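So the chains spell out like this:
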Amino acid sequence: MDQTLRIEPPAGHSLRDIRPLTMTPTTHLGGLIVLTSAFRLLLVGGLSMPLSERMDWRDARPIGALGLGRGERVETVCAVDEFHPPRQVLIVTRQGWCRALPWSVVESLLASGLPISPGDKNDAPVWLGVCDGGDALLVTRLGRWVRFPIGMLESSGGQAVALEQDDDIACCAVLPEGVAEQAVQSAHRELEKL
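The present account deals with the structure reproduced in this document. (Residues numbered from 1 in each chain as written. Predicted model: local features only at pLDDT ≥ 70, side-chain atom pairs only at ≥ 80, totals over all residues. Heavy atoms only, no water.)

This brings us to the state of the cysteines. Disulfides are covalent bonds that link the sulfur atoms of two cysteine residues. Overall, the coordinates contain zero disulfides when judged by the stated rule. Note on Cys-131: no disulfide assigned, nearest cysteine sulfur contributed by Cys-172 at a separation of 8.8 Å. Owing to a relative accessible area of 3%, Cys-131 belongs among the buried residues under this scheme. There is no disulfide at Cys-172, and the cysteine sulfur nearest it, in Cys-98, is 6.5 Å away. Residue Cys-172 is classed as buried on the basis of its relative accessible area, which comes to 9%. (Disulfide = S-S within 2.5 Å. Buried < 20%, exposed > 50% of the residue type's maximum accessible area, 1.4 Å probe, protein only.)

Right, here's the structure in full:
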């Protein structure tokens, strides 16, 4: 693959040292919703983000005016189009708690700066993404997975999976309505090839 890019971490560090590491595509005029360790949502405009043609950490600089509290850090991000907002934003935690927030609630939380109340105060955000229905596919670090319709979540959120003692959620994907079966089958076939 001649188009493969390499992310160069800061001198003396590896990518393993920089956690969480979240990547999402956006444009210079786009925006990102940030979910912090304190379960606060923040909006970052693309114009305030540093741009790197080389994907080099030396080009990175802090994004100003995030207003993070002491010990609070960015846990996950997702791209949004404020001019064509999604119907919902899905939040997933390490312990498998999920909540789909309507865009109107997201706007209120962004304006107020109030945190979201997770099912367990000791939990941490692991994934944030936009959705317009469809299914959520959660994958754990021990390789287990669960798939469920996003519409079945209570408005206040709920536990989507029972985890084993040493397991937690590693990632999530939203499977849009109509292409969900094809998406899962394609991913399964690719994994079988490995």
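Another point: the sheet that holds strand S3 (residues 74-80). The three strands are arranged S2-S1-S3 in an open sheet whose pairing can be described as antiparallel. Of all the strands in the sheet, the pair left with one neighbour each is strand S2 (41-45) and S3. If you compare each strand with its neighbour and ignore which way they point, the axes differ by 25° on average. In the sheet, strand S1 (residues 31-36) pairs with S3 via six bridges, with the strands oriented antiparallel. Looking across to S3, one finds that Leu-35 is bridged to Thr-76. Along the sheet face, helix H1 (residues 103-112) touches S1, S2 and S3 and points at about 85° away from the line of S2. (Pairing = 2+ DSSP bridges. Helix = DSSP H or I, 4+ residues; strand = E, 2+ residues; numbered from the N terminus. Axes fitted to C-alpha atoms, helices over the stretch in contact; angles between N-to-C directions. Contact = heavy atoms within 4.5 Å.)

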